[in-house]
Amino acid sequence: MRTVSTIAAVVTAAIVSAGLAAAPATAAPGQGPRGPHDPIPAGAKAHIDDDGLTIVTSSGDGGGSIAFYRARPGGAGGLGVLRSLQAKGIVSNSLSVTSESAGVTAGAAPPSGGMNPTECGSGYGVAKFWATSSSCVTKVRWAWNGFADPQIYFRDHTPSAWPVKAAVTTWNQAIGVDSYWTGGSCPGGGRHCVEVWNAWYDTDWLGYTYVQYGSNGYFIDGTVAVFLNDNNLEGYNRMTTCHELGHALGLGHNSSYSSPSCLWDSASGGNYQTPSPNDFSTLRVVIYP
Ligand SMILES: [Zn+2]
């Protein structure tokens, strides 16, 4: 078992070897992305379901963070991810947990019932987005910074087994937010960057996305990152990549039977490779109007 410090050292080494700064200057100290094995801070709340584990924190200034772990199909869902992280000492056993699964004591309302930040219905099928509170008014999203659409650069640090470029191309079909793939540096000038990493992490989840946002709901540059698990099931790479990149754009889960999505929120629900039209509508009309 790797220790947290070992993981940190590996990530640091990877950053140094890529010739990159540890985090853009816009991220304040302590605001870099929280990796999948970094300790969960006190006061966090977790929600587990078939899809996986979502951990939210609310900072004193109205901002906060969301961490998404996508469970491995055929496993024990979010509960399995939680138990795995607890066994590693990453998650406290006293963490406040709500659940849609049997056998777990509810300690707080689920994300749609007062947990801040909150996953909100978009009105397009059952596609969802995230907001800073249960009023669903202040969306968790990228700032425009003077562009007609927010500009998102996914910085791909993964090998070709991970179809990051293809998934970015698909997400760039969304009207309202522009997604770009790059293997190079962060372009700056008000453009945002999402780091996309891969490694052999755990056996319980496929992908992990971390986002941090300010009181205005805007993602904080330098804090948003996607971690793709090489300990993946063959054939799930495209779904996993599409799913995690969707979270990094501000989308929640989408469990529609009539219009299946890679953001499906049940690990047993299917291996859908692409977003649904309702995900695109949510981006265009609700999140980035
Ligand atoms: Zn998810």
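This structure is a prediction, so every number in the text was calculated from the model and none was measured.

K.L.:
Any chance you could explain the coordination of the zinc ion here in plain terms?
P.N.:
For a metal with four donors in a tetrahedral arrangement, the ideal angle between donors is 109.5 degrees, while six donors in an octahedron ideally sit at 90 or 180 degrees. Protein coordination at the zinc ion comes from H243 (NE2), H247 (NE2) and H253 (NE2), with a distance range of 2.0 to 2.1 Å. We note that the donor set of the zinc ion lies within a single chain, spaced as H-x3-H-x5-H. In this pair, the class of H247 matches that of H253, namely buried.

K.L.:
Could you clarify how one ought to interpret the side chain of T158 in this entry?
P.N.:
Among the structural elements, T158 can be located in the loop between strand 7 (151–156) and helix 3 (164–171). For T158, a relative accessible area of 13% translates into the label buried. Side-chain polar atoms of T158 contact the side chain of D156, separated by 2.6 Å. Excluding its chain neighbours within four sequence positions, the residues that come into contact with T158 are V164, V196, W197, N198 and L228.

K.L.:
Explain the packing of helix 3 against helix 4 (residues 237–248) here, please?
P.N.:
When two helices pack together, their arrangement is captured by the angle between the axes and the distance separating the axes. Where helix 3 meets helix 4, the closest approach of the two axes is 9 Å, and the angle between their N-to-C directions is 50°. Regarding the angle of helix 3 to helix 4, the classification is oblique. The handedness of the crossing between helix 3 and helix 4 is right-handed. Across the interface between the two elements, V164, A166, A167, V168, T170 and W171 of helix 3 pack against R238, T241, C242, L245 and G246 of helix 4. Of the residues contributing to the contact of helix 3 with helix 4, the split by class is seven nonpolar, three polar and one charged.

K.L.:
Before we go on, may I ask you to explain helix 3 in this structure?
P.N.:
Along an α-helix, a turn takes 3.6 residues, which lines up residues three or four apart on a common side. Turning to helix 3, its buried residues number three or more, namely V164, A167, V168, T170 and W171. Angular distribution of buried residues about the axis of helix 3 spans 160°; they occupy a single face of the element. Taken together, the buried residues of helix 3 touch strand 7, strand 8 (178–182), strand 9 (192–199), strand 11 (225–229), helix 4 and helix 5 (277–287).

Criteria and cut-off values
Residues numbered from 1 in each chain as written. Predicted model: local features only at pLDDT ≥ 70, side-chain atom pairs only at ≥ 80, totals over all residues. Heavy atoms only, no water. Donors = N, O, S within 2.8 Å, 3.2 Å for Na, K, Ca; no water. Buried < 20%, exposed > 50% of the residue type's maximum accessible area, 1.4 Å probe, protein only. Helix = DSSP H or I, 4+ residues; strand = E, 2+ residues; numbered from the N terminus. Polar contact = N/O pair within 3.5 Å; in protein donor to acceptor, adjacent residues only side chain to side chain. Contact = heavy atoms within 4.5 Å. Axes fitted to C-alpha atoms, helices over the stretch in contact; angles between N-to-C directions. Parallel < 35°, antiparallel > 145°, perpendicular 65-115°, else oblique. Left-handed = near helix turned anticlockwise from the far one by under 90°. Nonpolar A, V, L, I, M, F, W, Y, C, P; charged D, E, K, R; others polar. Arc of directions from axis to C-beta.

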